Amino acid sequence: MKVSIIGATGYTGEELLRILAGHPAVEILYITSESRTGTQINEIYPHFTRFHDGILASVQEIDKIAAESQAVFIGLPHGHAMEVGKKVRAVNPKIKIIDLGADYRFRNADLYEKWYKVPHTHREAQAVYGLTELYRSRVREAEIVGNPGCYTTASILALAPLVVSKLIDLATIVVDAKSGVSGAGRGLNLGSHFAEVFESVKAYSIAGHRHTPEIEQTLGELAGTDVIISFTPHLIPMTRGILSTCYASLKPGVSAEAVDAAFTAMYDNEYFIRLLGRGGYPATKNTRGSNFCDIGWHIDPRTGRVIVVAAIDNLVKGAAGQAVQNLNVMFGLDEQMGLTQVPLYP
Ligand SMILES: NC(=O)C1=CN([C@@H]2O[C@H](COP(=O)(O)OP(=O)(O)OC[C@H]3O[C@@H](n4cnc5c(N)ncnc54)[C@H](OP(=O)(O)O)[C@@H]3O)[C@@H](O)[C@H]2O)C=CC1
Ligand SMILES: CC(=O)N[C@@H](CCC(=O)OP(=O)(O)O)C(=O)O
């Protein structure tokens, strides 16, 4: 299968290249960059030497890229992907698109505009939200997939069983999540300098992070009613990984066994979800470089709350890995193809 990556020089784009290097059914046709067009990718990323030596094309060549590819991944900042998506579909109406950013994640384009503060210019797109474990049958039929955000992937996977099984009071959900610095992308900014991040932990975007409406959209759909959450992200001094700790009050009379059953009913057959069980402590280190999401849960009888902890690698299950998982589903391939590396440890 011929695939191209628009925005291959970013962290999600280069992670896609790394994963696709081990994918037996994929041929990488074009990779693009605007700042480094004409450069060989392994000059920018020497770790690709012997794996990729492709020359970076420009998005200006999108007509040719679209005409020759069966699928494109888009790893651009939000607001740019929908412009590319529109052009790609106009040239090749059969092409499949997987966008790693936010442009195709929202069912309601007005909600996207409210939170992202840019006009949505591809409202006619029939996009599917690509949280594979929850929406596999939709992804199978999708032409365009809006791949979920990293915080959202961990947080929704942690809370979905409790919401679907109606075990929690929906008004009490609190998500406290931590991310490694690669979550902010490769671009330079003061907030991600070594001296700003190292030996420090800080919260940011409190009560206003853009992943809040994304989590609420999916939990609301699963619940069949509006869901409002409190979400606080934190930046921590590591490169990869998200740890999402989610709290909610259990409805009166809900037993620990009912909570256990909700998780096993939803995820027992899911290869990429590793349930650590009641009392389990997920750690980002155990998921590093892999497409796994590790989940453990705890019940606090003193407060009547359930606390669910989920760990992922933000660049894999939180971005490029889930994008490849979606590609596999969209093309009827084995869902695990190219994604079965053992996590990198320590
Ligand atoms: N990092 C993460 O953990 C996650 C990121 N995402 C999302 O994935 C997308 C890519 O993120 P990430 O890889 O981290 O970002 P990076 O900042 O690392 O890379 C951005 C990419 O976009 C290109 N680019 C930047 N500005 C423009 C522009 N104005 N026009 C065209 N191309 C541009 C860059 O190419 P060049 O400069 O070479 O032209 C580069 O290839 C974003 O939407 C992000 O929100 C989603 C989940 C997780
Ligand atoms: C550490 C860090 O800065 N993380 C990013 C989230 C990355 C991501 O998933 O972004 P999108 O939803 O835009 O795709 C942030 O908080 O904005």
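All values derive from a computational prediction rather than experimental measurement. (Residues numbered from 1 in each chain as written. Chains lettered and ligands numbered in written order. Predicted model: local features only at pLDDT ≥ 70, side-chain atom pairs only at ≥ 80, totals over all residues.)

Across its full length, the chain holds 11 helices and 13 strands. Taken against the 2.2 N^0.38 rule, which gives 20 Å for 346 residues, the C-alpha radius of gyration of the chain at 20 Å falls within 12% of a compact globule. In terms of overall dimensions, the chain has C-alpha extents of about 60 × 45 × 40 Å along its principal axes. Among the 346 residues that make up the chain, the fraction classed as buried is 48%. For the chain, restricting intrachain contacts to residue pairs at least 6 apart in sequence, the fraction spanning at least 24 positions comes to 71%. (Helix = DSSP H or I, 4+ residues; strand = E, 2+ residues; numbered from the N terminus. Rg over C-alpha atoms; globule rule 2.2 N^0.38 Å. Buried ≥ 20, exposed ≤ 12 C-beta atoms within 10 Å, placed from the backbone. Contact = placed C-beta atoms within 7 Å.)

Under the feature "active site" (unreviewed entry), the UniProt entry names Cys 150. Position of Cys 150 among the secondary structure elements: in helix H7 (residues 150-164). Classification of Cys 150 as buried rests on a count of 30 C-beta atoms within 10 Å. Setting aside residues up to four positions removed in sequence, Cys 150 forms contacts with Ser 179, Gly 183, Ile 242, Asn 314, Gly 318 and Ala 319. (UniProt positions renumbered as here; feature names shortened; annotations may be inferred.)

Attention now moves to the domain arrangement of the chain. If you check the domain split of the chain, you get domain 1 (2-125) and domain 2 (151-314). Domain 1 and domain 2 are separated by 27 Å when their C-alpha centres are compared. At the interface, 9 residues of domain 1 touch 7 residues of domain 2. The element best represented in the side of domain 1 that touches domain 2 is helix H5 (residues 109-116), accounting for 3 residues. (Domains from an automatic or database assignment.)

Bringing the sheet that holds strand E8 (residues 202-203) into the picture now. The 7 strands are arranged E8-E9-E7-E10-E13-E12-E11 in an open sheet whose pairing can be described as mixed. Among the strands making up the open sheet, the edge pair consists of E8 and strand E11 (273-278). Here E8 runs beside strand E9 (residues 230-235); their pairing, made up of 2 bridges, is antiparallel. Residue Lys 202 lies in a different strand from E9, and its bridge partner there is Leu 235. Packing of H7 onto the sheet brings it into contact with strand E7 (174-179), E9, strand E10 (242-249), E11, strand E12 (293-300) and strand E13 (305-312), and relative to E10 it is tilted by some 35°. (Pairing = 2+ DSSP bridges. Axes fitted to C-alpha atoms, helices over the stretch in contact; angles between N-to-C directions.)

Attention now moves to the site of ligand 1. Around ligand 1 sit 30 residues, and of these Gly 10, Ser 33, Glu 34, Gly 101 and Gly 185 come closest. Counting only elements with at least two residues in the shell around ligand 1, the list comes to helix H1 (11-20) and helix H11 (316-330). If one sorts the elements of the shell around ligand 1 by residue count, H1 sits on top with 3 residues. When residues of the shell around ligand 1 are assigned to domains, at least three fall in each of domain 1 (2-125) and domain 2 (151-314). (Near = placed C-beta within 6 Å.)

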